[in-house]
Amino acid sequence: MSPATGAVTLAPRRSSRFVAWVRAWRAGLVPFDEVPDAVAGDEEHLVADAPGTWTDVSLRDALPTLARLSPDEIRLVLPAPGDPRGLPGPGDFTGAALLAGEAVVAGGLGLIPEVRSHTSGSGMTWETVLWRCYPLPVDAPAASLAMPCAAEAEAELATALAETTAALTRLDVAQWRPELAGALAALRRPDGTTDLPPGFDPRSRRLFARAAVLDRVLALAEHAAPGGSVNGYEAQQRDAALRPLTTACRRALAAACNAPLRP
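Residues numbered from 1 in each chain as written. Predicted model: local features only at pLDDT ≥ 70, side-chain atom pairs only at ≥ 80, totals over all residues. Heavy atoms only, no water.

*Asks:* Even after reading the chapter, I still don't get helix H2 (residues 14–26), so can you show me in this structure?
*Replies:* The terminal C-alpha atoms of H2, which comprises 13 residues, lie 18 Å apart, in line with the 18 Å expected from a rise of 1.5 Å per residue. The buried count for H2 comes to 11 of 13 residues, which makes it a mostly enclosed element. All of the buried residues along H2 are Ser15, Ser16, Arg17, Phe18, Val19, Ala20, Trp21, Val22, Arg23, Ala24 and Trp25. Positioned one or two residues after H2, glycine 28 has a phi angle of 80 degrees, which is positive. (Helix = DSSP H or I, 4+ residues; strand = E, 2+ residues; numbered from the N terminus. Expected span 1.5 Å × (residues − 1). Buried < 20%, exposed > 50% of the residue type's maximum accessible area, 1.4 Å probe, protein only.)

*Asks:* Looking at this model, I keep getting lost on the environment of glutamine 237. Mind explaining?
*Replies:* Along the chain, glutamine 237 falls in helix H10 (residues 232–257). Looking at glutamine 237, the relative accessible area reads 29%, which means it is partly exposed. The spacing of glutamine 237 and leucine 168 is 69 residues in sequence and 8.9 Å in space, taken between C-alpha atoms.

*Asks:* So what exactly am I meant to see when it comes to the pattern of salt bridges here?
*Replies:* Side-chain pairing between opposite charges can occur once the charged atoms of the two side chains come close. Applying the stated rule across the entire model yields 14 salt bridges. With a closest N to O distance of 2.8 Å, aspartate 215 and arginine 13 form a salt bridge. Here arginine 13 lies in the loop between helix H1 (3–7) and H2 and aspartate 215 lies in helix H9 (residues 202–223), a separation of 202 residues in the sequence. For the pair aspartate 215 and arginine 13, a shared accessibility class is recorded, and that class is buried. Linking glutamate 156 and arginine 251 is a salt bridge whose minimum nitrogen-to-oxygen distance equals 2.9 Å. Placement of the pair is glutamate 156 in helix H6 (residues 150–170) and arginine 251 in helix H10, with a sequence separation of 95 residues. By relative accessible area, glutamate 156 is classed as partly exposed at 27%. In this structure, a network of salt bridges that share partners links the residues Asp49, Glu114, Arg116 and Arg132. (Salt bridge = Lys/Arg side-chain N within 4 Å of Asp/Glu carboxyl O.)

*Asks:* In this structure, what is going on with the side chain of arginine 13? I would like to understand it.
*Replies:* At a separation of 3.1 Å, a polar atom in the side chain of arginine 13 contacts the main-chain carbonyl oxygen of glycine 101. Discounting chain neighbours no more than four positions away, the residues touching arginine 13 are Leu78, Gly101, Glu102, Asp215, Arg250 and Leu253. (Polar contact = N/O pair within 3.5 Å; in protein donor to acceptor, adjacent residues only side chain to side chain. Contact = heavy atoms within 4.5 Å.)

Here's what the structure looks like:
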């Protein structure tokens with residue numbers, strides 16, 4: 001696997017880690033002290049507009065706000081333009097979630113991560129993550145939270161991956177995007193890794209591991225410009241081939257993180 005391919009296997013969405021670990025905590029499967037570090041990793045995470053606070057606070061200080069919620073009240077939402085599945089309806093939270101492409105629904109709160117870049121006087125740069133809280137409407141329709149189960153999402157992802165791989169092979173994507181073709185091929189080799197806390201069943205772990213890798217591959221395809229030998233028509237074909245896979249990947253991540261927990 002090339003360095004470029006290896007790089008895209010890192011950094012699952014922050015909201016997915018937040019939901020998985022906070023749900024496991026609320027189910028009594030992991031202690032609270034482990035949750036802030038598991039969510040933040042090597043980053044600094046702050047929370048803005050948390051209930052009962054007047055300024056930004058650390059993630060550790062803000063999480064007790066969710067202490068009365070059950071695991072089923074905490075959900076991962078990965079919306080996209082034209083697919084607002086899981087959002088509570090029009091409002092500030094929905095608009096911000098669509099812009100960010102990820103969010104957490106936690107009882108009457110919505111949380112969205114904002115990545116902020118900083119530069120010191122000496123030129124050193126670093127990032128912090130600010131979770132912004134939004135109050136959710138109390139009359140949000142329950143149907144808007146409907147999501148596929150892990151089994152349905154796994155089947156959908158497998159089908160979309162096979163069809164997309166075939167389409168990209170016909171487009172000879174390996175000639176002009178070898179890192180994308182290589183990463184897609186790597187997904188067919190199970191690596192046994194998981195990135196979920198205790199309580200998730202093997203299917204959810206397998207689904208999350210595959211979808212988290214694929215999510216980074218698709219981010220690479222979206223943000224890295226194709227080679228100069230690719231014309232606009234070929235780029236449109238590539239985007240059309242990736243679109244169903246992008247949808248299936250988002251649904252798979254949400255299904256894995258929102259799956260029922262087991263002791």
